[in-house]
Amino acid sequence: LLLDAPFPAMDSQQRDRLIAEIRDLLKQRQVAAILATASREEAFAWSDHVVLLQEGKVVQQGNPYELYYRPSQRVVADFLGTANYLPVTILSEHQWQSCMGDHHASYRLNFPAGTQCDWLVRPQEIALALDAEGTALIEDRLFMGTSNYYRVRLNGALITVQTSNWFEPGQQVRISIKPDQPILFPALPATELETPPPASS
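All values derive from a computational prediction rather than experimental measurement. (Residues numbered from 1 in each chain as written. Predicted model: local features only at pLDDT ≥ 70, side-chain atom pairs only at ≥ 80, totals over all residues. Heavy atoms only, no water.)

Student: What exactly am I supposed to notice about the sheet that holds strand β12 (residues 157–163) here?
Tutor: One open sheet holds the 5 strands; their spatial order is β9-β13-β10-β11-β12, and the pairing between them is antiparallel. At either end of the open sheet lies a strand with only one pairing partner, and these are β9 (126–130) and β12. Ignoring which end each strand starts from, the neighbouring axes of this sheet average 40 degrees apart. In terms of strand pairing, β9 meets strand β13 (residues 172–177) through 5 bridges, oriented antiparallel. Within β13, the residue paired with Ala-127 across the bridge is Ser-176. (Pairing = 2+ DSSP bridges. Helix = DSSP H or I, 4+ residues; strand = E, 2+ residues; numbered from the N terminus. Axes fitted to C-alpha atoms, helices over the stretch in contact; angles between N-to-C directions.)

Student: Help me out: how do you make sense of the environment of Lys-178 in this one?
Tutor: Within the secondary structure, Lys-178 is located in the loop between β13 and β14 (183–186). Judged by its relative accessible area of 73%, Lys-178 falls in the exposed class. For the pair Lys-178 and Ile-22, spaced 156 residues apart in sequence, the C-alpha to C-alpha distance is 37 Å. (Buried < 20%, exposed > 50% of the residue type's maximum accessible area, 1.4 Å probe, protein only.)

Student: For this particular structure, what's the right way to read the packing of aromatic side chains?
Tutor: Within a pair of aromatic rings, the relevant descriptors are the distance that separates the centres and the angle that separates the planes. This model, assessed by the stated rule, comprises 8 aromatic pairs. Each ring, one from Phe-44 and one from Tyr-68, has its centre 6.0 Å from the other, and the planes form 90 degrees; the classification is edge-to-face. Taken together, the residues span a long stretch of sequence, with Phe-44 in helix α2 (residues 40–46) and Tyr-68 in helix α3 (residues 64–69) at a distance of 24 residues. What makes Phe-44 partly exposed here is its relative accessible area of 26%. Residue classification places Tyr-68 among the buried residues on the basis of a relative accessible area of 13%. With a centroid separation of 5.3 Å and an interplanar angle of 85 degrees, the aromatic rings of Trp-96 and Trp-119 are classed as edge-to-face. Separated by 23 residues along the polypeptide, Trp-96 in strand β6 (residues 95–98) and Trp-119 in strand β8 (residues 116–121) bring together distant segments of the chain. Among the aromatic residues, those joined into a cluster by ring pairs are Phe-44, Tyr-65, Tyr-68 and Tyr-69. (Phe/Tyr/Trp six-rings, centres within 6.5 Å; stacked < 30°, edge-to-face > 60°.)

Student: In this structure, what is going on with the state of the cysteines? I would like to understand it.
Tutor: Put plainly, two cysteines are in a disulfide when a covalent bond ties their sulfur atoms together. Per the counting criterion, the structure on display carries 0 disulfides. No disulfide involves Cys-99; its nearest neighbouring cysteine sulfur is the one of Cys-117, lying 15 Å away. (Disulfide = S-S within 2.5 Å.)

Student: Would you explain the pairing of β6 in this entry?
Tutor: Across a regular strand the side chains alternate sides, sitting on one face of the sheet and then on the other. Burial of β6 is one-sided: the residues Trp-96 and Ser-98 facing one way are buried, the residues Gln-95 and Gln-97 facing the other way are not. In the sheet, strand β5 (residues 84–90) pairs with β6 via 2 bridges, with the strands oriented antiparallel. In the strand pairing of β6, Thr-89 is matched with Gln-97. Sheet topology note: the β6/strand β7 (residues 101–104) ladder contains 4 bridges and is antiparallel. Across the sheet, Trp-96 pairs through a bridge with His-103, a residue of β7. Hairpin connection, β6 to β7: the antiparallel pair is bridged by 2 residues.

Student: Help me understand unusual backbone geometry, please; the structure alone is not making it clear to me.
Tutor: Glycine aside, negative phi is the norm for most residues, and most peptide bonds take the trans geometry. Here Ala-5, not a glycine, exhibits a phi torsion of approximately 45 degrees, which is positive. When its relative accessible area of 35% is taken as the criterion, Ala-5 is described as partly exposed. The backbone of Asn-155 sits at a positive phi, close to 50 degrees, despite the residue not being glycine. Along the chain, Asn-155 falls in the loop between β11 (148–154) and β12. You can call Asn-155 exposed: its relative accessible area is 57%.

Student: How do you make sense of the sheet that holds β6 when you look at a structure like this?
Tutor: Strand order across the open sheet formed by 5 strands is β7-β6-β5-β8-β14, with antiparallel pairing between neighbours. A strand with exactly one partner marks an edge of an open sheet, and here the two such strands are β7 and β14. Averaged over all adjacent pairs, the angle separating strand axes in this sheet is 40 degrees, with direction ignored. Across 4 bridges, the pairing between β8 and β14 is antiparallel. In the strand pairing of β14, Cys-117 is matched with Pro-186.

Here it is in structure tokens:
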């Protein structure tokens, strides 16, 4: 079954319910289905396997979790959700330095010492804790019902954080990120233009 952007004008609750019902029906009848959509939310909710296309070429494919948390390219990371890029310096085969200090990876990093990279961190991978001596500051909050989006200033950089915890703008916080398997991309030159996002998925 081929579906070409079948949910364009629905509100999110109606769309999500319909997607779940159709998925269940297709699985019961063992019908394979392909959904063509430019909506990452629809692709994630619908798919067991996602193929991301840009200008008619496959950029990356795999299960939705893999594409979201382990993107092979910056264009994939940008299209599939909000991305923080923290500037880092590679210190050794297993160590790198960011605005939060030194970090250690359990596996070998694929960049030589001294390389400047960008560390991809998703908003929900960041933890915040109230700390009067914390080095980060809550700039503002966007309440989304099930979670809050914060813009947090840390050493001059603005970082987007998603959490269900409640903080007030102006509060000082401590920020932490689990660094075990970092996604690192070569740092972009300051003058380089952003790559246009993929047109379909």
